[in-house]
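Inside the fold
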Amino acid sequence: MMDLGRLRALHAVAVHGSVGRAAAALGFTPSAVSQQIAKLERETRTVLLERQGRGVVLTDAARRLADTAQQLLALVEEAEVTLEEQRGQAVGRLLIAAFATGARGLLPPVLADLRQRCPELDVRLLESDPYLAAELVARGEVDLALVQDWPTVPLSVPAGVSRLDLGPDPVDLLLPAGDPLTELAVVPVARLLGQRWISVPPGNICHDWLVRTLREAGEEPDVVYQVGEFETQIALIDAGLGLGLVPRLGRGPLPAGVAARPVEPEPSRRVFALWRSQASRRPAITAALTAMRERWEMRER
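The sections below set out a description of the structure shown in this document. (Residues numbered from 1 in each chain as written. Predicted model: local features only at pLDDT ≥ 70, side-chain atom pairs only at ≥ 80, totals over all residues. Heavy atoms only, no water.)

1. A word on the packing of aromatic side chains
In the structure shown here, the tally under the stated rule is 0 aromatic pairs. It is Arg163 that lies over the ring of Phe272; its NZ or CZ is 3.7 Å from the centre. Stacked on the ring of Trp296, the Lys or Arg Arg299 has its end atom at 4.4 Å from the ring centre. (Phe/Tyr/Trp six-rings, centres within 6.5 Å; stacked < 30°, edge-to-face > 60°. Lys NZ or Arg CZ within 6 Å of the ring centre and 35° of its normal.)

Quick look at the structure:
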């Protein structure tokens, strides 16, 4: 009989595309994941991974087995939900995926609340872009995801996934303190044309929003610096190298050389949580959603 843990490791490699990323999602070392799959190969007498360059790819047999593993894991999850529901307590493991500023600006007190309220619950955190996090929830690789999108760039929520809207996260224009735009109390979008921009790389929701907004205003934005961390963007703005649009959630105090101004119309992200609908009865999901909603409301007071 095939070991469920080894099937889970194979499924994670299929979902994430590499042993390293699968290990990060599962909370294991790459060596441990490789060992699990090697044992599964011996059990099934089938080659599951093949070397390709510096990485590995799944064989056709491995992909079929990974699809079956996904079905088995869904059945196991349903059984776990039923048992946890009967106990009426949040127990077991809860893996939460979250975008970077959400992980920094909202989740620390949420995780602390869960640790105090649900001592038998093992909560894990994985930083992930919303595009990927939504898929991870749908595939059963994570239990809950904190994600964000923009009204003009909505995040597609997969079938079978539920959502809890937490609220808007306003975005400010950050610019060097001596920039002429600092003389305005509110900066119209039209005044953003012709600027040098500092933004996250393409493929990120925040970058997609900036590009779409300026295109609608009649200009292809000149993104001269593409960096993933907002702290790095702020450091570049502080050096006078460009402008950026940075959300407030998770943003620390600004340096003296950086000013913040609201934009008209106001850009605002939507922050919400995702989880598999079939797990809605699970006490751990209910507890985590309650803690997220409470902490979000406390931020707005």
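2. A word on the nonpolar core
By size, the foremost hydrophobic cluster in this structure holds 46 residues, and its most contacted members are Leu173, Trp197, Leu245 and Leu274. Excluding its chain neighbours within four sequence positions, the residues that come into contact with Leu173 are Leu181, Val187, Leu192, Trp197, Leu243, Gly244, Leu245, Ala259, Ala260, Arg261 and Val263. In terms of nonpolar packing, the next biggest core, distinct from the first, is built from 30 residues, Ala103, Cys118, Ile285 and Trp296 among them. (Core = buried A, V, L, I, M, F, W, Y, C linked by side-chain atoms within 4.5 Å. Buried < 20%, exposed > 50% of the residue type's maximum accessible area, 1.4 Å probe, protein only. Contact = heavy atoms within 4.5 Å.)

3. What about helix α8 (residues 205-216)?
With 12 residues, α8 ought to run about 16 Å at 1.5 Å a step, and its terminal C-alpha atoms sit 16 Å apart, in line with that. Those residues of α8 lying buried are Ile205, Cys206, His207, Trp209, Leu210, Val211, Thr213 and Leu214. Remark: Gly218 follows α8 within two positions and exhibits a positive phi of approximately 105°. (Helix = DSSP H or I, 4+ residues; strand = E, 2+ residues; numbered from the N terminus. Expected span 1.5 Å × (residues − 1).)

4. Looking at the environment of Glu50
One can find Glu50 in strand β1 (residues 49-52). Overall, the relative accessible area of 43% leaves Glu50 in the partly exposed class. Ignoring any residue separated from it by four or fewer positions in sequence, one finds Glu50 in contact with Gly55, Val56, Val57 and Thr59.

5. Observations regarding the pattern of salt bridges
Under the counting rule described, the total for this entry stands at 14 salt bridges. Taking the shortest distance from any N to any O, the salt bridge between Asp149 and Arg270 comes out at 2.8 Å. Here Arg270 lies in strand β13 (residues 268-276) and Asp149 lies in strand β5 (residues 144-149), a separation of 121 residues in the sequence. By relative accessible area, Asp149 is classed as buried at 0%. For Arg270, a relative accessible area of 32% gives the class partly exposed. With its nearest N and O atoms 2.8 Å apart, the salt bridge here joins Glu220 to Arg215. (Salt bridge = Lys/Arg side-chain N within 4 Å of Asp/Glu carboxyl O.)

6. Quick look at the pairing of strand β3 (residues 92-98)
The buried fraction of β3 is high, at 5 of 7 residues. Where β3 lies against strand β4 (residues 121-127), 7 bridges are found, and the strand directions are parallel. In the strand pairing of β4, Leu94 is matched with Val123. Across 3 bridges, β3 lies against β5 in parallel orientation. When the bridges of β5 are listed, Ala98 appears paired with Leu146. (Pairing = 2+ DSSP bridges.)

7. A short note on the pairing of strand β6 (residues 161-176)
β6 sits mainly inside the fold: 13 of its 16 residues count as buried. Relative to β13, β6 is paired through 9 bridges, and the arrangement is antiparallel. Paired with Ser162 across the bridge in β13 is Trp275. Sheet analysis places β6 next to strand β11 (residues 258-261), joined by 4 bridges and oriented antiparallel.

8. Topic: the side chain of Thr182
Mapped onto the secondary structure, Thr182 falls in the loop between β6 and β7 (187-188). Residue classification places Thr182 among the buried residues on the basis of a relative accessible area of 17%. In this structure, Thr182 is in contact with Leu175, Pro176, Ala177, Ala259 and Arg261, ignoring residues within four places of it in sequence.

9. Side note on helix α6 (residues 107-117)
Of the positions making up α6, those classed as buried are Leu107, Val110, Asp113 and Leu114. Down the axis of α6, the buried side of the element spans an arc of 120°, and every buried residue falls inside it. With respect to the buried face of α6, the exposed residues turned more than 90 degrees away are Arg115 and Gln116. Those residues of α6 hidden inside the fold are in contact with β3, α5 (100-105), β4, β5 and α10 (283-300). (Arc of directions from axis to C-beta.)

10. Considering the environment of Leu107
Here Leu107 is to be found in helix α6. Overall, the relative accessible area of 0% leaves Leu107 in the buried class. Between the C-alpha atom of Leu107 and that of Val271, which follows or precedes it by 164 residues, the distance is 12 Å. Not counting chain neighbours up to four residues away, the residues in contact with Leu107 comprise Ile96, Ala98, Gly102, Leu125, Leu146 and Met292.

11. Some details on unusual backbone geometry
Of the consecutive residues Glu264 and Pro265, the connecting peptide bond is found in the cis state with omega at 0°. Despite not being glycine, Arg45 has its phi angle at roughly 55°, a positive value. One can find Arg45 in the loop between α3 (30-44) and β1.

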